[in-house]
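Results of the structural survey
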Amino acid sequence: MARLRARQLPEHTLVICDDQEAKARVDAAALELSRCRLLDAEAGRESSEETRRAEQELQHAQAHFDSVAVELTFRALPRPILDGLIKRFPPSETQAEDGDAWDPERFPAALAAAAHVERDNQGNTVEGMSEEEAQELLDSWPVAESNALFAAAWQAQQIVRTSTVELGKG
């Protein structure tokens, strides 16, 4: 039981990068590294000078990308907290008739705020975004990015880290 109680809740991270050139540079560097590794494998060699240069370029491109990107991390909520949050934002009659399990206007911001994990430079958890801040982001971002924000918070609630083992009949 001690090991089960000590487990950390799963997290999901949304990476946002407005610098499309930085993203393209990472993608190109990764593609070049794959090409070089394929050539090395075909030639039966460990790693060529060209591959080592491609590895360095990918590291530099990734470091630059990381410096300009923003990461939003969301942690799974314990079941009673998530259930309480859903109950706090029930759907209207019309929304329920449309199949909604919660109020789609208010629940996404509440979930994003409740699940958001903010860390300082030392990795310590600090106060994250408020419901008002989450709602501001959801309202001011384009639809696709607003949906991605909610999806990241919801995805953290859906992470499954279990598996079953079938022992057979014998």
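First, a word on scope: everything that follows refers to the structure included in this document. (Residues numbered from 1 in each chain as written. Predicted model: local features only at pLDDT ≥ 70, side-chain atom pairs only at ≥ 80, totals over all residues. Heavy atoms only, no water.)

1. Concerning the overall build of the protein
Across its full length, the protein carries eight helices and four strands. Its helices and strands taken in sequence order, the protein reads α-β-α-α-β-α-α-α-β-β-α-α from the N to the C terminus. By the compact-globule yardstick of 15 Å for 170 residues, the protein is too spread out, its C-alpha radius of gyration being 22 Å. C-alpha atoms of the protein, sized along the principal axes, occupy 65 × 60 × 40 Å. Every one of the 170 residues in the protein was classed for burial, and the buried ones make up 27%. Summed over its atoms, the accessible surface of the protein is roughly 12000 Å², and 50% of this surface lies on carbon and sulfur atoms. Here the protein holds 18 positive side-chain charges and 32 negative ones, and the gap between their average locations is 12 Å. (Helix = DSSP H or I, 4+ residues; strand = E, 2+ residues; numbered from the N terminus. Rg over C-alpha atoms; globule rule 2.2 N^0.38 Å. Buried < 20%, exposed > 50% of the residue type's maximum accessible area, 1.4 Å probe, protein only. Areas by Shrake-Rupley, 256 points an atom, 1.4 Å probe, with all protein chains shown as cover. Lys, Arg positive; Asp, Glu negative; His and termini not counted. Charge placed at Lys NZ, Arg CZ, Asp CG, Glu CD.)

2. Here we look at the side chain of Q95
In this fold, Q95 is placed in helix α5 (residues 93-97). With residues up to four places along the chain from it excluded, the contact list for Q95 reads P90, D100, D103, P104 and E105. (Contact = heavy atoms within 4.5 Å.)

3. Topic: the sheet that holds strand β1 (residues 11-16)
Read across the open sheet, the four strands follow the order β1-β2-β3-β4; overall the sheet is antiparallel. Of all strands in the sheet, those bounded by a partner on one side alone are β1 and β4 (125-126). Of the pairings in the sheet, the one linking strand β3 (residues 116-119) to β4 comprises two bridges and is antiparallel in character. Residue pairing in the sheet places E118 in a bridge with V126 of β4. (Pairing = 2+ DSSP bridges.)

4. Regarding the environment of A115
For A115, the position within the fold is in helix α6 (residues 107-115). Between the C-alpha atoms of A115 and F74, which are 41 residues apart in sequence, the distance is 5.0 Å. What A115 contacts, discounting residues up to four positions off in sequence, is T73, F74, R75, L77 and Q157.

5. Observations regarding the packing of helix α7 (residues 131-140) against helix α8 (residues 143-158)
Contact geometry for α7 and α8: axes closest at 7 Å, N-to-C directions at 140°. Contacts between α7 and α8 pair A134, L137 and L138 from the former with S146, L149 and F150 from the latter. For the contact of α7 with α8, the class distribution of residues is five nonpolar, one polar and no charged. (Axes fitted to C-alpha atoms, helices over the stretch in contact; angles between N-to-C directions. Nonpolar A, V, L, I, M, F, W, Y, C, P; charged D, E, K, R; others polar.)

6. Looking at the nonpolar core
F74, L85, F107 and L111 are the most contacted members of the largest nonpolar core, which has 23 residues in total. Top element by residues in this core is α6. It accounts for seven residues. Residues C17, V26, A61 and F65 belong to the second largest nonpolar core, which totals seven residues. (Core = buried A, V, L, I, M, F, W, Y, C linked by side-chain atoms within 4.5 Å.)

7. A short note on the packing of α6 against α8
Interaxial distance between α6 and α8 falls to 9 Å at its minimum, and their mutual angle equals 60°. Put simply, α6 runs oblique to α8. Once α6 is placed against α8, the crossing between them reads as left-handed. Counting all contacts with α6, which are made through F107, P108, L111, A112 and A115, the residues of α8 involved are F150, A153, W154 and Q157. (Parallel < 35°, antiparallel > 145°, perpendicular 65-115°, else oblique. Left-handed = near helix turned anticlockwise from the far one by under 90°.)

8. Remarks on the pattern of salt bridges
Enumeration according to the criterion identifies 13 salt bridges in this entry. The salt bridge involving R35 is made with E32; its shortest N-O contact spans 2.7 Å. Of the two residues, R35 and E32 are both situated in helix α2 (residues 20-43); the distance of three residues between them amounts to about one turn of the helix. A relative accessible area of 35% means that R35 is categorised as partly exposed. Given a relative accessible area of 31%, E32 falls into the partly exposed group. Between E131 and R88 there is a salt bridge, and its shortest N-O distance comes to 2.6 Å. Pair noted here: E131 is in helix α7 and R88 is in helix α4 (residues 79-88), with a separation of 43 residues, a long-range link. We classify E131 as partly exposed; its relative accessible area is 27%. (Salt bridge = Lys/Arg side-chain N within 4 Å of Asp/Glu carboxyl O.)

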